[in-house]
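Secondary and tertiary structure notes
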Amino acid sequence: MARYNFRETEKKWHGRWEQAGTFAVKEDPSRPKYYVLEMFPYPSGRIHMGHVRNYALGDLVARYKKARGFNVLHPMGWDAFGLPAENAAFERRVHPADWTHENITAMREQLRAMGLSYDWNRELATCAPEYYRHEQKMFLDFLRNGLAYRKESWVNWDPVENTVLANEQVIDGRGWRSGATVEKRLLSQWFLKITEYGDDLLEALESLERWPDRVRLMQHNWIGRSEGAHVLFDIVGRSDRLEVFTTRHDTLFGASFCAIAANHPLAASVAANDPKLADFIAECNRMSTSEAAIETAEKKGYDTGLKARHPIIDGLELPVYVANFVLMEYGTGAIFGCPAHDQRDLDFARAYGLPVLPVVLPPNTDAETFEIGDEAYVGPGTAYNSDFLDGLAIDQAKSAMAERLESAGRGKRAITYRLRDWGVSRQRYWGCPIPVVHCPDCGIVPVPDAQLPVELPKDVDFDTPGNPLDNHPTWKHTACPTCGVAATRETDTFDTFFESSWYFARFCDPKSDEAFSRASVDYWMPVDQYIGGIEHAVLHLLYSRFFTRALRKCGYLGIDEPFAGLMTQGMVCHETYRDAKGWLFPDQVRKASDGGFVAVDDGRPVTAGRIEKMSKSKRNVVDPEAIIQTYGADTARLFMLSDSPPERDLEWTEAGVEGAWRYLNRLWQRITESEIAFPPAGAPRPGTFSPAAADLERAIHKTIKAVQDSIEKWRFNSAVAQIRELSNALGALKGDGAGEAWMLRHGYEVLLRLIEPMTPHIAEEIWESLGHQGFLCEVPWPTFDPSLVIDDVITIGVQVNGKLRGTIDMARDSAEEDVRSQALDLENVRKILDGNPPRRVVVVPNRIVNVVA
RNA sequence: GCGGACGUGGUGGAACAGGUAGACACAGCAGACUUAAAAUCUGCUUCGCUUACGCGAGUGCGGGUUCAAGUCCCGCCGUCCGCACCA
C-alpha cells in the first residue's frame, strides 16, 4: 500500500489556496462576521510548539466558523519591537531591523507550512514606520485628552536591561525578562492614565462572559479597589497635615501611632535635620521587595519625634514613625496603626512598646476578659471603647465614623486602587520613538502631526552603554516646532506593550493611511475569539482594554472592550532528563533493561525528571519544523488538538504523534485505495438501506451533532474522539451492496468535512480524489437530521439498590409499566429479590431503572 | 497570609442537566500476515477473586443528602496557579 505523501500534498494545497485567495476577506454587511485572533508572535527567529498549539486552535475555530457561514477575519502579524533585537545587534553585529526582518521571513515560511487560514494580505509588523506613526499620533491625542502625562516618580529600574519597567512587568521583585532584582529610581517618565478607568475596567469585567474566570479574577485583584476613608491628622508644631488612607476607620479609637513611608515628603522634611533618619530612609530604599525578603524582613520603624493629633479624641497625640512596611505607592503613603485589629500594626506596636487597645468585640465575648495576645483580632464584632460608635457593627461603625469625619472636616470617604498609572517610557533603541521635543523655552512640545512619523535613525552604536538614541550624534537635535530654537527630541521609546494594545484594530484595515477607518473597525471589532497564553492576563490584556477605552475617548472607535471572547491555552510540556551534570536532550537518553534510563553515549545512569514546559534550559524542546518535516503539519495539528482540552497543559509525546500520523495515513488508504466502488460524487441517494447502512447513517448524524457541540464548547479533544469513533464505524461496515457503498461514501464525505478544520491538507486531498471540484474548506458544514440522532431502541441499565445488575433493550419512550416489568423479569433481578416484592421501583424514562429491594 | 483551580485505569483524557464510570487514544499483552522487522489487521486490557457465568471493590481521604453521587453539601489531605508589607 502506498503511503500518504504529505510533503507534496501539503505544498500543493498551500499553492492552491494562495492562488485562489481562499482566505482573503473583506467587509460584507450581508453576512455575520467573526473575528478570530491569536496573539501575534514576537519574531524571535523560529516558531515553537506553543505557537503551533496556539495557531492550530485558532485555525480550527476560523475554519469551523467559515464553514458555518460566517465572514471570518483571521489575520497574522509580528510584534516586532523589543529587546532581543538589540541584544542580537550587540552580540552578532547585525542591525535590529535586519535581524527582525530576517526572522519574520523565516517564521512566515514556518507558519505557511502549517496551512493556516490567514488572510496574509493583512500581515503587519509593528516596527514599520507605517505602523508606529499611528501610535505616535495616538499618543499625542492622549496627551491632548489628558490621558498621558509626564511626571517625576519612583520607578522600577532593571539594572540588566538598563531600562524602566512597569509595575506589571515586575514579578516577585524581579524584571519579568531579565530576572534581575529591580531597584527604585527617581526619573521623569511618561505615563498613561490607566487609573482613570480603574472602576470601569473593574466593573466591565462582569460583562466579559466569554473570558475565563481566572483571568477576570486576576485583573480584579490587580486593579485592587478598596473602599475606605482619608483621615487628616494635624501635626503638633507644624502647619502641614498628615493624610492617611484606611479601610478600618471604625477602629480609629484604637489608634496608637501613625506611620509614613520612607519616601513620604514629611519624612524627607524631617530627615533634613536628622542624619539618622536619613540613614534609615536610605536603608529602606535599598531593601529588596522580593517575596523572600518581605517574609524575613522585620517591621522596622524610626520615631520622627513628630506628634499627630488624633482627629476625634481631644488631647490625644500619637507618635509618627517612618516605617519600612509602609508603601509610598499605595494609598497616601501614610497609615494610622490600630494594633489590636491589624497583625502588622500589632507586631510593630509590640516591638516599639506602643499601646494595644481593642475596640472591636467579637460576638458572644465578654468585654472584661477579652484581650489581644500575639494575634490581632480581624473578625466581625461590635465596636466598644469607642465613644459614639459603641455597640455598632463594623459596617455601621464605618459609616458613622465617615460621617463624623466629614462633618468635622477631618476626613472623607475615599476609594484607593492598587493599579498604578502605566509608565510607558523605555530607555531603548528598538521601540517606537515618543513624539515630543524638549525645548529650553517652551518646555515639552508635541511633534506636529505633519512631521510624523518620528523615525528611528538607522545608524546607531550599540557598543556604548546607555540608550543608543541618546548617544546618537545628531538624531536628537532638532528645532522646537513652536519657537524654532535649538531643542532636543525625547530619546525614550514606548514600552512595546504599546504596539500590541491596538494591533487588533489595525488588522481591520491594515493599509489605511489612518490608523484604521472607522467603518472597518465598526464592522470587524470586537475580536470575537482571542486565543493566547495566560501569561498576559494582567499585562497585554489589561493594557489593551485600557487602550481601547482611551482610543474611544479620542474618537478612533466606538467600543470599550476589544476582546469579546478569550481562550487561554495551556502550555506544551515534554519529558525531562538529567544526570549529575545537568539536563539532557531526550534523544540522548534511552530506556535501560531495568526500566530506568541511561545515556545513549556511555550508558551512565540518567534520572527522568518531571514533565515540564518546553524550555531551552531544560533541553526538552521539540522543534516544530522537524516534526512538520517528519510527519507533516496535519499530523502535528491533529495531535495537538486531540491530546488534551485546550486550556489544559499538553504533554508532547512521540508516541502520540505517531498515533495521529497512523490515523491519517489509514484514513487516506481506506478511501483512496478502497476496494468498494464508491458511487460518483453527488450520486442520488438510494431509496432503501440495509439495517447496517441505516445504523451507519444514524452514526453519521450523531457524529455531526457531537462534533459540532464539542467544538462550540471548546472540547476539541472530544471532537477528535468522535471523529475517530465514526472512522471505526465506517471501517467496520459489513456488506458491499449499492446502499452500503453509497452510505460509506456519504460517511467519509461527512467525516472529511468535519476534520477539515483540524487537518485541512489531507482533507482537501481526499475530497479531490473523490471527484469533487473546488475547495472542501468552502463547502458548508453538514447538517444533521434531529430524528436520526435519537435512537429507536435504547439500552436501559437496571440497578438493584443502586448497583447495576443488567440491561434491557426497550423501544424509545416505552410505557413505564413495560419497562418496570421487563426489568423485574431479569434473571439477575429475580435472583436477588428471591420471590419478595420490591420495596420500590424507580423508572427514569429512557435512562435507568432502580429496584429497591 | 489572601484568592482561585484541580485531584478519575500504567498514561493523556471521556462521562450533556445527579441516572450503565473509564468513550477516544497512547502504552502493554496475545494472535494473523511476513524468512524477519516495520506497517497493517483481529482480540484483550480499572483492580481483586473466579475455568466460566459471575461476585466484590473502585473517581485523593472521612462523613452527609438521595432510590441513585465522579457530579450536590460539610470537613480534611495533596498538587498547581495568581497576588502579596495593599493600610
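A brief report on the enclosed structure follows. Because the structure is predicted, anything quoted here is derived from the model rather than measured. (Residues numbered from 1 in each chain as written. Chains lettered and ligands numbered in written order. Predicted model: local features only at pLDDT ≥ 70, side-chain atom pairs only at ≥ 80, totals over all residues. Heavy atoms only, no water.)

**Describing the overall build of chain A**
Stated precisely, the cut-off is as follows: Comment: elements are numbered from the N terminus, with helices defined as DSSP H or I runs of at least four residues and strands as E runs of at least two. Categorising residues by exposure relies on relative accessible area from a 1.4 Å probe, with only protein chains included: less than 20% of the type maximum marks a residue as buried, more than 50% marks it as exposed, and the intermediate range marks it as partly exposed. In what follows, residue pairs with any heavy atoms lying within 4.5 Å of each other are defined as contacts. Where accessible areas are quoted, they stem from the Shrake-Rupley method and a 1.4 Å probe; at the residue level, only the protein chains shown are allowed to cover. In this count, Lys and Arg are taken as positive residues and Asp and Glu as negative ones, while His and the chain termini are left out. A charge is said to be at NZ when it belongs to Lys, at CZ for Arg, at CG for Asp and at CD for Glu.
Along chain A, the regular secondary structure elements total 25 helices and 37 strands. If you line up chain A on its principal axes, its C-alpha atoms span 105 × 85 × 70 Å. Out of the 853 residues belonging to chain A, those deemed buried represent 53%. Within chain A, contacts between residues at least 6 apart in sequence are counted, and of these 71% link residues at least 24 apart. Only carbon and sulfur atoms are counted for the fraction: they give 49% of the accessible area of chain A, which is about 38,300 Å². With 97 positive and 121 negative side-chain charges, chain A shows a spacing of 2 Å between the two charge centroids.

**Focus: the packing of helix 2 (residues 49-67) against helix 20 (residues 691-712)**
Quick reminder of the rule: Throughout, an axis means a line fitted to C-alpha atoms (over the contacting stretch in the case of helices), and angles, computed between N-to-C directions, take values from 0 to 180 degrees. An angle below 35 degrees is read as roughly parallel, one above 145 as roughly antiparallel, one from 65 to 115 as roughly perpendicular, and any other as oblique. Two helices cross in a left-handed way if the nearer one is turned anticlockwise from the farther one by less than a right angle. They cross in a right-handed way if the turn is clockwise.
Closest axis-to-axis distance for the helix 2/helix 20 pair is 11 Å, and the angle between their directions is 125°. The angle between helix 2 and helix 20 places the two elements in the oblique class. When you trace helix 2 past helix 20, the crossing you get is left-handed. Contacts between helix 2 and helix 20 involve L60, Y64 and K65 from the first element and Q708, I711 and E712 from the second.

**A closer look at the environment of L346**
The topology assignment puts L346 in helix 11 (residues 343-352). On the accessibility criterion, L346 (1% relative accessible area) is buried. The spatial distance from the C-alpha of L346 to the C-alpha of N471 is 52 Å, given a sequence separation of 125 residues. Apart from the residues lying within four places of it in its own chain, the contact partners of L346 are P339, V356, I372, G373, D374, E375 and A376.

**Focus on the packing of aromatic side chains**
Note the cut-off: To pair, rings of Phe, Tyr and Trp, with the six-membered ring standing in for Trp, must have centres within 6.5 Å; the planes then decide the type, stacked if under 30 degrees apart, edge-to-face if over 60, and tilted in the middle. Two thresholds decide whether a charge sits over a ring: the Lys NZ or Arg CZ must be within 6 Å of the ring centre and within 35 degrees of the ring normal.
Throughout the structure, instances matching the rule amount to 47 aromatic pairs. Seen in terms of ring centroids, F253 and F388 are 5.7 Å apart; in terms of plane orientation they differ by 75°. Their pairing is edge-to-face. With F253 in the loop between strand 9 (241-246) and strand 10 (257-260) and F388 in the loop between strand 15 (382-383) and helix 12 (394-408), this residue pair connects regions lying 135 residues apart in the sequence. With relative accessibility at 24%, the residue F388 sits in the partly exposed group. Joined through ring pairs, the aromatic side chains of F139, F142, W190, Y197, W422, F494, F497, F498, Y543, F546 and F547 make up one cluster. Across from the ring centre of F388, 3.9 Å away, lies the NZ or CZ of R404, which sits over that ring. When the ring centre of W583 is taken as origin, the NZ or CZ atom of R578, which lies over that ring, is 4.2 Å away.

**Some words on helix 19 (residues 654-672)**
Structural remark: α-helix, 3.6 residues per turn; residues separated by three or four positions point the same way. Using the following cut-off: The span you would expect from a helix comes to 1.5 Å times its residue count less one.
An ideal rise of 1.5 Å per residue puts 27 Å on 19 residues; helix 19 measures up with 27 Å between its terminal C-alpha atoms. Taken together, the buried positions of helix 19 are V657, G659, A660, W661, Y663, L664, N665, L667, W668, Q669 and I671. On its buried face, helix 19 sits against helix 1 (6-20), helix 17 (624-631), helix 18 (633-643), helix 21 (716-731), helix 22 (738-755) and helix 23 (760-769).

**So, the pairing of strand 19 (residues 436-439)**
Put simply, side chains in a regular strand alternate between the two faces of the sheet. Worth spelling out the cut-off: The rule for pairing is simple: two strands pair if DSSP sees at least two bridges between them.
Judged from the four bridges that link them, strand 19 and strand 20 (residues 443-446) form a sheet pairing that is antiparallel. Each residue of the ladder has a partner; that of V436, found in strand 20, is P446. Between strand 19 and strand 20, which follow one another and run antiparallel, lie three residues.

**Considerations on empty space enclosed by the protein**
So the rule is basically this: Whether a set of points on the 1 Å grid over the protein atoms alone is a cavity depends on a 1.4 Å probe fitting there but being unable to get out, while an open set qualifies as a pocket with protein on both sides within 12 Å along at least five of seven lines; lining residues are those with an atom within 4 Å of a point. Grid points are joined across faces, edges and corners, and a volume is the space filled by probe spheres set on the points.
For the structure on display, the rule yields two cavities of 30 Å³ or more. Estimated volume of the largest cavity: approximately 140 Å³. For the largest cavity, the lining is made up of 16 residues, of which R177, R426, R428, D495 and T496 are closest to its centre. Looking at the lining of the largest cavity, the elements with two or more residues in it are strand 4 (163-165) and strand 23 (493-494). For the second largest cavity, the calculated volume is near 50 Å³. Contributing to the lining of the second largest cavity are Y663, R666, L667, R670, S727 and N728. Contributing elements (two or more residues each) for the lining of the second largest cavity: helix 19 and helix 21.

**Looking at the sheet that holds strand 22 (residues 486-489)**
As summarised here, the arrangement of the four strands in space is 20-19-22-21, forming an open sheet in which the pairing is antiparallel. The two strands at the open ends of the sheet, each matched to only one other strand, are strand 20 and strand 21 (477-479). Taken over all neighbouring pairs, the strand axes of this sheet differ in orientation by 40° on average, direction set aside. Judged from the two bridges that link them, strand 19 and strand 22 form a sheet pairing that is antiparallel. Its bridge partner lying in strand 22, V437 is registered against R489.

**Section: the pairing of strand 25 (residues 566-569)**
Selection criterion: Whether a crossover is right-handed comes down to one check: with the strands pointing away from the viewer, does the path from the first strand over the helix to the second run clockwise; if it does, it is right-handed.
Alternating positions in strand 25 separate into two faces, L566 and T568 on one and M567 and Q569 on the other, with burial throughout. Bridge analysis of strand 24 (residues 529-533) against strand 25 gives four bridges, and the strand direction is parallel. Bridging from a neighbouring strand, G532 pairs with T568 of strand 25. Between the parallel pair strand 24 and strand 25, the chain is carried across by helix 16 (residues 540-553), and the sense of this crossover is right-handed.

**Let's talk about the sheet that holds strand 29 (residues 589-591)**
Two modes of strand pairing occur in sheets, parallel and antiparallel, and in both the strands are linked by backbone hydrogen bonds. Here five strands make up an open sheet; going across it, the order is 28-27-31-30-29 and the pairing antiparallel. What marks the edges here is a single partner per strand, and that holds for strand 28 (582-584) and strand 29. The average angle at which neighbouring strand axes cross in this sheet is 45°, direction not considered. As defined by bridge partners, strand 27 (residues 577-579) adjoins strand 28 across three bridges and the pair is classed as antiparallel. Looking at the pairing, R578 lines up with W583 of strand 28.

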